[in-house]
Amino acid sequence: MIWKLAHSLTRLKYSAELAVLLVLCQASLQAAEDLSALADTDDQDIPVAFIKIDANNVVRESLPDAFFGFNIRWSGFQKDLWDKDNDRVKPQIVEALTPFEGALYRYPGGLVANEYMWEKAVLPIGERKRAAAGLAGGDKPPLFGVREFFDFVRQVDGNPLYTLNIIGKGKPSDIQEYASEKMAASNRLLASYIKELTPHRKTRYYQLGNELDRNRYEWSHEKYISRSRATIEAIQSVDADARFIAFLREFRWRYRGEKKGGISTSEDFIRDVLTGLPMVNDYSLHFYYDGVLRPGGKFKHIQDVVDRIKGTLAVAASVRGKQPLNVWITEHSRRLIVTKDNEQMAKTYTTNLQAALSTADFLTAMTQIPEVKSTGLQALNGVGRQIFDASVRHGDLRPLSVYWAMRILNQGRQGRVLSTTTQSPAGSGYPGGYDVRATGLASEANGLTVWVVNRALTSMDSDISYLPLKGQTVEMQHYFLAGKHGINADALGDDYQLDIQPAWQEAEFSDSGVLSVRLPPSSVSTIVLRGKGGAK
């Protein structure tokens with residue numbers, strides 16, 4: 001088993017052999033051959049979660065290619081992951097992201113996109129002028145420019161999403177707003193350039209700015225609609241295959257600037273934007289979960305996020321009726337209030353094992369909402385959030401726990417997504433009121449994949465009910481990332497358990513269609529089942 005884990009990890013080609021050895025030493029090398037060894041609890045004391053997968057209720061025919069995604073803040077990506085000596089993304093990063101075939105990559109970022117002057121980022125590298133780098137600090141030449149971004153996406157076989165600047169230049173605190181016609185003309189030239197870079201793509205997606213209705217922008221609904229429409233019409237004049245994503249929100253905004261005292265409700269904003277932009281059938285939302293917005297604030301758990309997304313869909317349906325709409329989560333992450341005093345802690349808490357559980361729980365929940373087309377993790381090494389360790393603990397760009405959680409889930413994303421319900425204890429104390437969430441995906445020939453997140457600090461027996469396999473002996477692989485019995489996932493550091501190349505083993509469904517699988521403590525699992533062609 002040690003060889004199996006070492007082999008799977010070294011395939012990622014870390015920046016140095018020493019980094020591989022460190023990961024192997026710090027990750028437990030006890031794996032799925034004896035999952036019970038992860039628990040210090042007698043069998044009779046192990047709690048049970050019941051997972052019901054309904055083969056007759058298909059939520060969606062498949063997960064979109066772009067279901068997994070990453071937000072790229074160009075300056076943070078460039079600082080950590082760009083090899084400036086060779087003008088390329090560092091090879092170990094390309095190698096690590098290649099398994100996420102079809103993943104969405106959003107560029108040049110979120111708020112930083114509102115000040116990104118693309119014209120500076122397409123010149124020959126030696127001629128590029130300094131550009132605002134957002135929260136990364138200072139102005140930097142955009143070495144990871146537009147062409148470099150699309151080259152990178154092609155390398156990892158991903159899908160690009162470009163966030164447009166429809167405002168002008170300057171930071172939110174010093175905005176220099178250009179006329180709508182000037183920005184539309186700029187974006188028309190940008191779209192022509194991108195079309196030339198990507199002639200093989202049937203569709204090119206553009207996000208219409210980022211959060212311009214809030215922060216220090218506080219645009220009115222009408223202003224956002226009119227400036228978006230001008231850019232849409234300009235881009236469509238050169239690229240009929242362009243598609244556009246409007247940003248919306250699920251909360252009310254209380255104005256703080258010139259309109260102080262006024263309120264924009266999410267319902268009004270959704271209705272106005274979808275009415276004013278009838279050519280747009282896609283909208284984005286951002287979610288930072290499993291934390292509070294401010295000290296003493298309400299904890300936002302994953303089920304709250306699910307309810308909020310469904311709420312936006314209900315409002316959208318009141319405008320568009322039965323017309324299909326797509327939801328793009330262009331930013332999501334575990335929430336932590338970041339201050340100058342806790343910046344280093346923030347890097348840890350948004351990428352460690354507890355963050356991995358939060359991320360996997362969120363992704364699992366999103367599979368059950370068919371309108372959700374993509375989920376963009378914040379961030380592919382943006383400020384305060386790192387998937388690859390540039391300055392969290394070791395500084396050698398090894399993948400962190402959040403990465404491994406996504407890799408575990410990515411092992412089984414094929415098949416029809418089936419309606420899945422879970423009943424579990426809530427011994428972890430998670431404010432969402434549960435320990436376990438799961439989703440089932442069915443493939444041909446009685447194949448079944450189950451994603452399961454166990455937030456409990458102890459092992460959990462999961463009783464998986466799936467009637468098509470009742471009474472059958474199956475072969476099973478159990479991929480997992482896990483913590484240790486009784487230890488808070490925030491306190492583990494690198495001391496996690498990982499099995500990314502499990503052996504096949506036999507398992508049996510009961511005559512009533514139930515299979516019991518033991519989940520490690522604080523774990524993310526993908527359980528792959530394939531029929532052996534006969535009953536036991």
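The rules behind these values
The residue numbering used here restarts from 1 in each chain and proceeds along that chain's sequence as written. Reporting of local features is limited, given that this is a predicted model, to residues whose pLDDT is at least 70; pairs of side-chain atoms are given and counted only at 80 or more, and all residues count toward the totals for whole chains, interfaces and linings. Side-chain calculation: all heavy atoms of the structure are included, whereas hydrogens and water are not. Secondary structure elements are defined from DSSP: runs of H or I of at least 4 residues count as helices, runs of E of at least 2 residues count as strands, and each element is numbered from the N terminus. Each residue is placed in one exposure class: buried if its accessible area under a 1.4 Å probe, protein chains only, is under 20% of its type's maximum, exposed if it is over 50%, and partly exposed if it falls in between. Any two residues whose heavy atoms approach within 4.5 Å at even a single point are treated as in contact. Computed with the Shrake-Rupley method and a 1.4 Å probe, the accessible areas treat only the protein chains shown as cover for residues. An axis is simply a line fitted to the C-alpha atoms; with a helix, the fit covers only the stretch in contact. Between two such axes, the angle follows the N-to-C directions and lies from 0 to 180 degrees. Put simply, angles under 35 degrees are roughly parallel, angles over 145 are roughly antiparallel, angles from 65 to 115 are roughly perpendicular, and the rest are oblique. By convention, the crossing between two helices is left-handed when the near helix turns anticlockwise from the far helix through less than a right angle, and right-handed when the turn is clockwise. In the scheme used here, Gly and all other residues not listed as nonpolar or charged are polar, with Ala, Val, Leu, Ile, Met, Phe, Trp, Tyr, Cys and Pro taken as nonpolar and Asp, Glu, Lys and Arg as charged. For two strands to pair, DSSP has to find at least two bridges joining them. Working definition of a nonpolar core: buried Ala, Val, Leu, Ile, Met, Phe, Trp, Tyr and Cys residues. They are joined through side-chain atoms within 4.5 Å. Note on aromatic pairs: the rings of Phe, Tyr and Trp (six-membered ring only in Trp) are paired at centre separations within 6.5 Å, and the planes decide the class, stacked below 30 degrees, edge-to-face beyond 60, tilted for the rest.

> An account of the overall build of the protein chain is needed here, citing residue identities and associated values.
On a plain count of helices and strands, the protein chain comes out with 12 helices and 26 strands. Out of the 536 residues in the protein chain, the part that is buried amounts to 57%. Sequence separation of 24 or more characterises 78% of the internal contacts of the protein chain that already satisfy a separation of 6 or more. Carbon and sulfur atoms form 48% of the exposed surface of the protein chain, whose accessible area is close to 21300 Å².

> Before we move on, can you summarise the environment of G483 with the specific residues and values?
Mapped onto the elements of the fold, G483 is located in the loop between β22 (472-482) and β23 (497-499). Linking G483 and S522, residues 39 residues apart in sequence, is a C-alpha distance of 5.0 Å. The contact partners of G483, leaving out residues within four places of it in the chain, are L353, L492, Q497, P521 and S522.

> So, the packing of helix α8 (residues 266-276) against helix α9 (residues 302-320): which residues are in play, and what are the values?
The geometry of α8 relative to α9 is characterised by a closest axis approach of 9 Å and an angle of 40° between their N-to-C directions. On the basis of the axis angle, α8 is oblique to α9. Note that α8 runs across α9; the crossing there is right-handed. In contact with E267, I270, R271, L274 and T275 of α8, α9 contributes T312, V315, A316, S318, V319 and R320. Here the residues of the contact of α8 with α9 are counted per class, giving 5 nonpolar, 3 polar and 3 charged.

> Go over the pairing of strand β19 (residues 436-443), please, and point to the residues and values.
Put simply, side chains in a regular strand alternate between the two faces of the sheet. Within β19, 7 of the 8 residues are buried, leaving the element largely enclosed by the surrounding structure. Across 3 bridges, strand β18 (residues 416-423) lies against β19 in antiparallel orientation. Looking at β19, one finds that V417 is bridged to L441. Relative to strand β20 (residues 447-454), β19 is paired through 8 bridges, and the arrangement is antiparallel. Paired with T439 across the two strands is W451, which belongs to β20.

> I'd like a rundown of the nonpolar core, residues and numbers included.
Counting 113 residues, the largest nonpolar core has Y105, V146, F152 and L380 as its most contacted members. Broken down by element, this core gets its largest block of residues, 9 residues, from helix α11 (residues 353-367). Beyond its immediate stretch of four places on either side in the chain, L380 contacts F70, N71, I72, F77, L81, L97, Y105, F152, I387 and F388.

> Account for the packing of aromatic side chains, with residues named and values stated.
By convention here, two paired aromatic rings are described through the distance between centres and the angle between planes. This structure, assessed with the given rule, holds 30 aromatic pairs. Between the aromatic rings of F67 and F68, the centroid separation amounts to 5.6 Å while the plane-to-plane angle is 80°, which identifies the pairing as edge-to-face. Take F67 and F68: they sit in the same class, and that class is buried. Residues F68 and W451 carry aromatic rings whose centres are separated by 6.1 Å and whose planes lie at 35° to one another, so their mutual orientation is tilted. Taken as a pair, F68 in strand β2 (residues 68-71) and W451 in strand β20 lie far apart in primary sequence, 383 residues in all. Each member of the pair, F68 as well as W451, is classed as buried.

> Account for the sheet that holds strand β11 (residues 204-207), naming residues and giving values.
Read once around its circumference, the closed barrel built from 8 strands follows the order β2-β5-β8-β11-β12-β15-β16-β17, with strand pairing classed as parallel. In this sheet, neighbouring strand axes are inclined to one another by 30° on average, regardless of whether the strands run parallel or antiparallel. Relative to strand β12 (residues 242-247), β11 is paired through 4 bridges, and the arrangement is parallel. Opposite Y206, over in β12, you have F244 as the bridge partner. Of the strands in this sheet, β11 and β12 touch helix α7 (residues 221-236), which is tilted by about 170° from β12. The sheet contacts of α11 involve β2, β15 (282-289), β16 (326-334) and β17 (372-378), and relative to β16 the element is tilted by about 165°.

> Account for the side chain of D239, naming residues and giving values.
Relative to the assigned elements, D239 resides in the loop between α7 and β12. For D239, a relative accessible area of 0% puts it in the buried group. Aside from chain neighbours lying at most four places away, what touches D239 is K195 and R204.

> Help me get a handle on the packing of helix α6 (residues 180-197) against α7, residues and values and all.
Look at α6 against α7: their axes get within 8 Å of each other, and the N-to-C directions meet at 35°. By crossing handedness, the relation of α6 to α7 is classed as right-handed. Touching S180, M183, A184, N187, R188 and A191 of α6 are S226, R227, A230, T231, A234 and I235, all from α7. Partitioned by chemical class, the residues of the contact of α6 with α7 number 6 nonpolar, 4 polar and 2 charged.

> Go over unusual backbone geometry, please, and point to the residues and values.
Residue P108 follows Y107 across a cis peptide bond; omega there is 0°. Structurally, P108 can be placed in the loop between β5 (104-107) and β6 (131-132). Here the phi dihedral of S522 falls at roughly 45°; this positive angle occurs in a residue that is not glycine. Secondary-structure assignment places S522 in the loop between β25 (514-519) and β26 (523-535). With a relative accessible area of 0%, S522 lands in the buried category.

> Residues and numbers for the environment of G158, please.
Mapped onto the elements of the fold, G158 is located in the loop between α5 (146-155) and β8 (159-163). Of the residues examined, G158 reaches a relative accessible area of 4% and is grouped as buried. C-alpha separation for the pair G158 and G69, spaced 89 residues apart in sequence, amounts to 8.9 Å. When sequence neighbours within four positions are dropped, the list of residues in contact with G158 reads G102, A103, Y105, V153 and R201.

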